[in-house]
Amino acid sequence: MEKFIKMNEICISDSPCLIKTIVGSCIALCIWDGRCRIGGMAHIMLPESNGDLNAPPGKYANTAVRHMVSTMISEGSAVENMLATCAGGASMFQSRQSNFVTVGIKNFRAVKKELTGFGIPVVTEAIGGISGRRVEMNCASGGITISMLLKPA
Amino acid sequence: MTVVNTAKSNVFSKSEHLRLEKSLKELLMESFNRAAEACTRLLMQDMIISRYRIEMITGEDFIDQLEDQMEEGYFASIIRLQNSVNTTILFLLTEEDGKGLYRILNGMKPDAGLPPLEDLTDSIGELNNILGNTFINCLANTLDQRINGSVPRNTLDLLGAILESVILQSELANKNIFYAEALISHKETAAFNVRLIILSDKNQLLKVLSRS
């Protein structure tokens, strides 16, 4: 089974499936618990919810991480077994020499801060650059594939 | 504490709101027609608006509408209006159409080899520069205001990645936006589908329009 997640969506599964998304400036956050074989992916758009209670939890870094962690725990996972992978945060329409901190980088920093708060290590980062990324997570094995339409310059 | 802006200039009655929206749609259609004319002159082929849509939606809904094309490769170029309403002009072409247009613009045969991708994207950006500035000039003349556009920023990437980056970098993610799109195609063969998309902060745009 395949599940393509759109912006602001979260998908968590304890059965074999392939979760896919495409990110540019947004962040695809994958969390995997190899012991319980539960995994999930969020497509996060912005860093902070700032009290936006009507938004889906996947929209903001702070709410997405909390939602993923609590859902995975409710399905039998433990925080100490979780490993995270982050991809995205590209600045596709900006100069590649720019030192400006883009919204994509801000998103990643916010995700990492939340993960650090839970003690979840980020084992793989594919962040920044000027190209979008296709991210696929195999929930049977925890394997994650990150690819680009074009090779990075 | 909640702060409510009650300035009269920020509030439109329902009828005034409808009138402004109607004016805006007319203005955009006029601008799209000018862009199609510019496309015809540039390519020396008869290009027409084969489809258009104008809607008020959120940034997220805008992306959802194009969900089935997210994994396709597109040439994209954006121009942002400066010192004016938060507006982005997005120009999209499929990878295949982009290569075809490059050949036409450079007088090459259909099967001729192509230059490096960077040159291709710059060429596509130049087309956006012309179409985008046609749009900007039309807007500036109608509103009787000076409006400048940024230098085009160009890329070739997956449509999903392009669209979300445009919404985020334009800071339109959490706003109601005025979304207008015209598909400019060859009159007879329907080839070369040029997608010209205007994304604008709806409230800002209506305020500017109400002052003109």
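As shown above, the structure is provided for reference.
All of the points below concern the structure found in this document.

**Some details on the overall build of chain A**
Then comes step 1: Helices and strands together make up the secondary structure of chain A, namely 2 helices and 9 strands.
Then comes step 2: Going residue by residue from the N terminus, the α and β elements of chain A occur as β-β-β-β-β-α-β-α-β-β-β.
Then comes step 3: Computed over its C-alpha atoms, the radius of gyration of chain A comes to 15 Å, within 12% of the 15 Å expected for a compact globule of 153 residues.
Then comes step 4: With the C-alpha coordinates aligned to their principal axes, the bounding extent of chain A is approximately 45 × 35 × 25 Å.
Then comes step 5: The proportion of buried residues among the 153 residues of chain A is 48%.
Then comes step 6: Partitioning the contacts of chain A with sequence separation of at least 6, the portion at a separation of at least 24 is 63%.

**A closer look at the overall build of chain B**
Then comes step 1: A tally of regular secondary structure across chain B gives 6 helices and 7 strands.
Then comes step 2: In terms of overall size, chain B behaves like a compact globule, its C-alpha atoms giving a radius of gyration of 18 Å where 212 residues would be expected to give roughly 17 Å.
Then comes step 3: Projected onto its principal axes, the C-alpha positions of chain B cover 65 × 35 × 30 Å.
Then comes step 4: A total of 212 residues make up chain B; the buried ones form 41% of that total.

**Examining the nonpolar core**
Then comes step 1: Of all hydrophobic cores here, the largest spans 103 residues; its most connected members are Leu29(A), Ile44(A) and Val111(A).
Then comes step 2: With 7 residues, the top contributor of residues to this core is helix H5 (residues 159-169) of chain B.

**Topic: the sheet that holds strand E5 (residues 38-44) of chain A**
Strand pairing in a sheet relies on backbone hydrogen bonds, with the paired strands running either antiparallel or parallel.
All names here are of chain A.
Then comes step 1: Taken together, 5 strands build an open sheet; the order of strands is E2-E5-E4-E6-E7 and the sheet is mixed. The open sheet has two edge strands, strand E2 (10-13) and strand E7 (122-127), and neither has a second partner. On average, each strand axis in the sheet is tilted by 10° relative to the strand beside it, whichever way the strands run.
Then comes step 2: Sheet topology note: the strand E4 (residues 27-33)/E5 ladder contains 7 bridges and is antiparallel. By the bridge assignment for E5, Cys30 is matched with Met41.
Then comes step 3: Helix H1 (residues 61-74) contacts E2, E4, E5 and strand E6 (82-88) of the sheet and is inclined by roughly 165° relative to E5.

**What to know about the interface of chain A and chain B**
Then comes step 1: Contacts between the two partners involve 20 residues from chain A, matched on the other side by 22 residues from chain B.
Then comes step 2: Among the residues making up the side of chain A that touches chain B, the classes are represented as 12 nonpolar, 6 polar and 2 charged.

**Here we look at the environment of Ser141(A)**
Then comes step 1: Mapped onto the elements, Ser141(A) comes out in the loop between strand E8 (133-138) and strand E9 (144-147).
Then comes step 2: On the neighbour-count criterion, Ser141(A) (12 C-beta atoms within 10 Å) is exposed.

**A short note on the sheet that holds strand E1 (residues 2-4) of chain A**
All names here are of chain A.
Then comes step 1: Spatially, 4 strands are ordered E1-E3-E8-E9 in an open sheet, and the strand pairing comes out mixed. Both edges of this open sheet fall to E1 and E9, since each of them pairs with a single strand only. Within this sheet the neighbouring strands show an average axis-to-axis angle of 15°, counted without direction.
Then comes step 2: Pairing of strand E3 (residues 18-23) with E8 involves 6 bridges; the strand directions are antiparallel. By the bridge assignment for E8, Val23 is matched with Arg133.

**As for the environment of Ile49(B)**
Residue and element names in this part refer to chain B.
Then comes step 1: Among the secondary structure elements, Ile49 is positioned in strand E1 (residues 47-58).
Then comes step 2: Ile49 gets classed as partly exposed once you count the C-beta atoms within 10 Å, which come to 17.
Then comes step 3: It is 9.5 Å that separates the C-alpha atoms of Ile49 and Asn193, two residues lying 144 residues apart in sequence.
Then comes step 4: Residue contacts for Ile49: discarding those within four places in its chain leaves Phe32, Asn33, Ala36, Ala182, Leu183 and Ile184.

**Let's talk about the packing of H1(A) against helix H2 (residues 103-118) of chain A**
All names here are of chain A.
Then comes step 1: Close contact between H1 and H2 brings their axes to 8 Å; oriented N to C, the two are set at 40°. In this structure, H1 crosses over H2, and the sense of that crossing is right-handed. Of the residues in H2, those touching H1 at Ala61, Asn62, Val65 and Val69 are Asn107, Ala110, Val111, Glu114, Leu115 and Phe118.
Then comes step 2: In terms of residue class, the contact of H1 with H2 is made up of 7 nonpolar, 2 polar and 1 charged.

**Here we look at the environment of Glu55(B)**
Then comes step 1: With respect to the helices and strands, the residue Glu55(B) is situated in strand E1.
Then comes step 2: Separated by 48 residues in the primary sequence, Glu55(B) and Arg103(B) place their C-alpha atoms 34 Å from one another.

The rules we used
- Residues numbered from 1 in each chain as written.
- Chains lettered and ligands numbered in written order.
- Predicted model: local features only at pLDDT ≥ 70, side-chain atom pairs only at ≥ 80, totals over all residues.
- Helix = DSSP H or I, 4+ residues; strand = E, 2+ residues; numbered from the N terminus.
- Rg over C-alpha atoms; globule rule 2.2 N^0.38 Å.
- Buried ≥ 20, exposed ≤ 12 C-beta atoms within 10 Å, placed from the backbone.
- Contact = placed C-beta atoms within 7 Å.
- Core = buried A, V, L, I, M, F, W, Y, C linked by C-beta atoms within 7 Å.
- Pairing = 2+ DSSP bridges.
- Axes fitted to C-alpha atoms, helices over the stretch in contact; angles between N-to-C directions.
- Nonpolar A, V, L, I, M, F, W, Y, C, P; charged D, E, K, R; others polar.
- Left-handed = near helix turned anticlockwise from the far one by under 90°.

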